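# Results of the structural survey
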Amino acid sequence: LDAATGVWSRAGPALVVNDDSVASFGFSVSADRAGLHAVVGAPADGDAQHGAVWVFKREARGRAWSVAQKIVPPGLWGGAAFGTSVALSGSGRVL
């Protein structure tokens, strides 16, 4: 959302990962209040569809996003669907 105009528009490149095996990427999405961090869930990721969550970050004055981390907790069972729901605090410090 462009705060100056109040209009939704694409402000930069789309969030993507360079991994052909990513299934359901974008199923859930959340961002912090400042627009510097975003998390994207992919609950069908992986051979056993255990799921994953990607954390993206953006420089304060930049438009480009980069992958900060891919989260896949150890010990997930097949079909666990981790990443079905994601939420990021307003400060971006709590996932």
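For the structure given in this document, a descriptive report is provided here. Along each chain, residue indices are assigned from 1 in the same order as the chain's sequence is written. This being a predicted model, a pLDDT of at least 70 is required before a residue's local features are given, and a value of 80 or more before pairs of side-chain atoms are given or counted; all residues contribute to the totals for chains, interfaces and linings. As a convention, hydrogens and water are excluded, and side-chain values are obtained from all of the structure's heavy atoms.

### Let's talk about the pairing of strand S4 (residues 65–71)
One ladder, built from six bridges, connects strand S3 (residues 52–58) with S4; its direction is antiparallel. Residue pairing for S4: lysine 57 is matched across the bridge by serine 66. Hairpin geometry of S3 and S4 is characterised by an intervening segment of six residues between the two adjacent antiparallel strands. Two strands qualify as a pair provided DSSP detects at least 2 bridges between them. Working definition: helices are DSSP H or I runs of at least four residues, strands are E runs of at least two. Numbering for both runs from the N terminus.

### Considering the sheet that holds strand S2 (residues 37–42)
Paired through backbone hydrogen bonds, the strands of a sheet run either parallel or antiparallel to each other. Read across the open sheet, the four strands follow the order S1-S2-S3-S4; overall the sheet is antiparallel. Looking at strand neighbours, the two that pair on one side only are strand S1 (28–31) and S4, the edges of this open sheet. Strand-to-strand twist in this sheet, taken as the mean axis angle between neighbours without regard to direction, amounts to 20°. Where S2 meets S3, six bridges bridge the pair, whose relative direction is antiparallel. Bridge assignment links histidine 37 to a residue of S3, and that residue is lysine 57. To obtain an axis, a line is fitted to C-alpha atoms, over the contacting stretch when the element is a helix, and the angle between two such axes runs from 0 to 180 degrees between their N-to-C directions.

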